[in-house]
Amino acid sequence: MATAGSVLRGAWGHRAWTAVDERLGLSGLAYPVPKHANRIGYILGGITFFGMLIRFGTGIWLAQFYHPVPEAARQSIAYIIGDAPLGDVIRGVHYWTANVVMVTVLLHLARVYWTGAYKRPREANWLIGLGLLATTLGLLFTGTVLKWDQEGYEALGHNLEMANLLGVFGFWFSADFAVEFPILGRLYMAHVVILPTAGTLLLIGHFLLVKRHGISALPADADRAVDGGPAPATGGSSFAAHLVRMAGFGLILLGAALAISLVLSAPLGPRPVPGIEETKPPWMFLPLYPLEDWFGLAALLWAPVAGFAALALVPFGDRSPYRSPRRRPIWIALGMLVVSLLGALLVYAMLTVPQAHIRDAM
Ligand code: HEM
């Protein structure tokens, strides 16, 4: 039976909610979404988004102590690890979340590909997604250079090589572009301003289009409708419930990154020694490493360009209206071939000894 207290609390709670909702319109978030939107495969983009928020928050903390000049950069990271309040743990959460986000963004892309969700009318959102993938990789690359250890220094060497390869178009990547300002400072600016701003703008477009089109129907349901069956159901759950689920996974991600950080610090290698090349790149760039061995530095530029161009063409090549994997055997086989190739290159790169590629340039 309700007591006078609980009635009062209920009434107060209701009034408080109404007051907040009247001003912020939160109940507008309870619009219907299909039930399958809460499956893990359809939450991967949301987990990636929460990972971005975690990186943003922890990055602000790290920026209080990081010193982006070559003479002081690595030492300031050593300070973060050893002396800054919560420095080691926050840096760990930033680093491990960035790695997990790379995995979730790839799985999100794989889900969209597997379910043919890039098809009409979502072609533009697929392209925006590719922009998000590029900014994610850009953040990982520039973050690696910022450490200014041997690995970061060699990554910068590759950056300078790309500037050479791109000729006049590579001016921004070249140290000569602004001789008075160390290139480390410009890569830092890219890491904390340019790429996050670009990522945020792309994300706004991505989310607006997800809202505009709604989440894609399950492939089997969509195909039934193509064959003249009933239109797929559009309800079953609400966006508010979806958001709560996304946030739950976001918290699990935060907890996992925190737990890893407590036992495993984010790596920081030795002071860089110019003229030597002895590290391998972080795992997400590792499939490029054998290509660099076999075909030279140009492969580092042209392989990603070709990869992104091929991905960009997918929605325009796969023209059939069907979305189920079994009705798109060629595209699924192509996708699996690419994933197997990347996996094989990754394993091969892990097993080989480091090679020198840019010794002359450093
Ligand atoms: C920072 C990276 C990204 C974030 C935060 C993000 C976020 C999201 C979110 C929250 C959704 C709603 C459904 C879901 O979670 O599956 C979504 C849908 C979508 N995303 Fe992404 N995404 C990112 C990268 C990508 C990439 C790399 C691609 C592909 C190249 C892509 C293509 C799409 C498409 C086509 C949809 C609509 C899918 C559907 O309706 O089933 N996204 N994204």
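See the structure shown above.
None of the values given here were measured: they were computed from a predicted structure. (Residues numbered from 1 in each chain as written. Predicted model: local features only at pLDDT ≥ 70, side-chain atom pairs only at ≥ 80, totals over all residues.)

## Overview of the overall build of the protein
Thought 1: A tally of helices and strands in the protein yields twelve helices and two strands.
Thought 2: Counted from the first residue to the last, the protein has its helices and strands arranged as α-β-α-α-α-α-α-α-α-β-α-α-α-α.
Thought 3: Across the 362 residues of the protein, 30% fall into the buried class.
Thought 4: Nonlocal contacts in the protein, meaning residues at least 24 apart in sequence, comprise 80% of its contacts between residues at least 6 apart. (Helix = DSSP H or I, 4+ residues; strand = E, 2+ residues; numbered from the N terminus. Buried ≥ 20, exposed ≤ 12 C-beta atoms within 10 Å, placed from the backbone. Contact = placed C-beta atoms within 7 Å.)

## Topic: the environment of isoleucine 358
Thought 1: Mapped onto the fold, isoleucine 358 is located in the segment after α12 (329–351).
Thought 2: Assessed through the 16 C-beta atoms surrounding it within 10 Å, isoleucine 358 is described here as partly exposed.
Thought 3: As for isoleucine 358 and isoleucine 204, which are separated by 154 residues in sequence, their C-alpha atoms are 39 Å apart.
Thought 4: Other than its neighbours up to four places away in sequence, isoleucine 358 contacts Gly157, His158, Glu161, Glu277 and Leu297.

## Points about the site of the ligand
Thought 1: The immediate surroundings of the ligand are formed by 26 residues, with Gly45, Ala117, Gly129, Leu132 and Ser216 found nearest.
Thought 2: Of all the secondary structure elements, the ones that give two or more residues to the shell around the ligand are α2 (44–63), α4 (87–114), α5 (123–146) and α7 (183–213).
Thought 3: Along the lines of polarity and charge, the residues of the shell around the ligand split into 16 nonpolar, nine polar and one charged. (Near = placed C-beta within 6 Å. Nonpolar A, V, L, I, M, F, W, Y, C, P; charged D, E, K, R; others polar.)

## Focus: helix α3 (residues 73–82)
Thought 1: When α3 is considered as a whole, its buried residues turn out to be Ala73, Arg74, Ile77 and Ile80. For α3, the buried positions fall inside an angular range of 110° around the axis, keeping them on one side. With respect to the buried face of α3, the exposed residues turned more than 90 degrees away are Gln75 and Gly82.
Thought 2: Looking at the buried positions of α3, the neighbouring elements they touch are α2, α4, α5 and α7. (Arc of directions from axis to C-beta.)

## Quick look at the packing of α2 against helix α9 (residues 239–263)
Thought 1: Between α2 and α9, the least distance of the axes is 9 Å, while the angle of their chain directions is 50°. In terms of orientation, α2 and α9 fall into the oblique class. Along this stretch, α2 crosses α9, giving a crossing that reads as right-handed. Contact with α2, carried on its side by Gly46, Ile47, Phe50, Gly51 and Ile54, involves Met246, Ala247, Phe249, Gly250, Leu253, Leu254 and Ala257 of α9 and no other residues of that element.
Thought 2: Grouping the amino acids of the contact of α2 with α9 by side-chain chemistry returns nine nonpolar, three polar and no charged. (Axes fitted to C-alpha atoms, helices over the stretch in contact; angles between N-to-C directions. Parallel < 35°, antiparallel > 145°, perpendicular 65-115°, else oblique. Left-handed = near helix turned anticlockwise from the far one by under 90°.)

## Regarding the environment of alanine 303
Thought 1: Structurally, alanine 303 can be placed in helix α11 (residues 298–317).
Thought 2: According to the C-beta neighbour criterion, alanine 303 is partly exposed, with 16 such atoms within 10 Å.
Thought 3: C-alpha of alanine 303 to C-alpha of histidine 191: the two residues are 112 residues apart in sequence and 23 Å apart in space.
Thought 4: Those residues in contact with alanine 303 that lie beyond four places of it in its chain are Leu288 and Leu291.

## Some thoughts on the packing of α2 against α4
Thought 1: Running from N to C, α2 and α4 cross one another at 155°; their axes reach a closest spacing of 8 Å. Regarding the angle of α2 to α4, the classification is roughly antiparallel. Crossing hand, α2 versus α4: left-handed.

## A few points about the nonpolar core
Thought 1: Within the largest apolar cluster, 50 residues are counted, with the highest numbers of intra-cluster contacts made by Val145, Leu184 and Leu187.
Thought 2: Going through the elements one at a time, α2, α3, α4, α5, α6 (150–166), α7 and α9 are the ones with two or more residues in this core.
Thought 3: Considering each element in turn, this core owes the most residues, eleven residues, to α4.
Thought 4: When neighbours within four sequence positions are excluded, valine 145 is seen to be in contact with Gly152, Ala155, Leu156, Asn159, Leu184 and Leu187.
Thought 5: In this structure, Phe285, Leu288, Tyr289 and Leu300 belong to the second largest nonpolar core, which totals five residues. (Core = buried A, V, L, I, M, F, W, Y, C linked by C-beta atoms within 7 Å.)

## Here we look at unusual backbone geometry
Thought 1: That bond from arginine 120 to proline 121 is cis: its omega, 10°, falls within 30 degrees of zero.
Thought 2: Counting through the fold element by element, proline 121 comes out in the loop between α4 and α5.
Thought 3: One non-glycine residue, leucine 86, lies in the positive phi region at around 55°.
Thought 4: The topology assignment puts leucine 86 in the loop between α3 and α4.
Thought 5: Overall, leucine 86 belongs to the partly exposed group, with 13 C-beta atoms counted inside 10 Å.
Thought 6: Phi is positive for tryptophan 148, close to 55°, though the residue is something other than glycine.
Thought 7: For tryptophan 148, the position within the fold is in the loop between α5 and α6.
Thought 8: Looking at tryptophan 148, the number of C-beta atoms within 10 Å reads 27, which means it is buried.

## Some words on the environment of leucine 130
Thought 1: Along the chain, leucine 130 falls in helix α5.
Thought 2: With 18 C-beta atoms packed within 10 Å, leucine 130 lands in the partly exposed category.
Thought 3: Between the alpha carbons of leucine 130 and serine 174 there is a distance of 25 Å; along the sequence they are 44 residues apart.
Thought 4: Contact partners of leucine 130, with chain neighbours within four places excluded, come to Phe308, Leu311 and Ala312.

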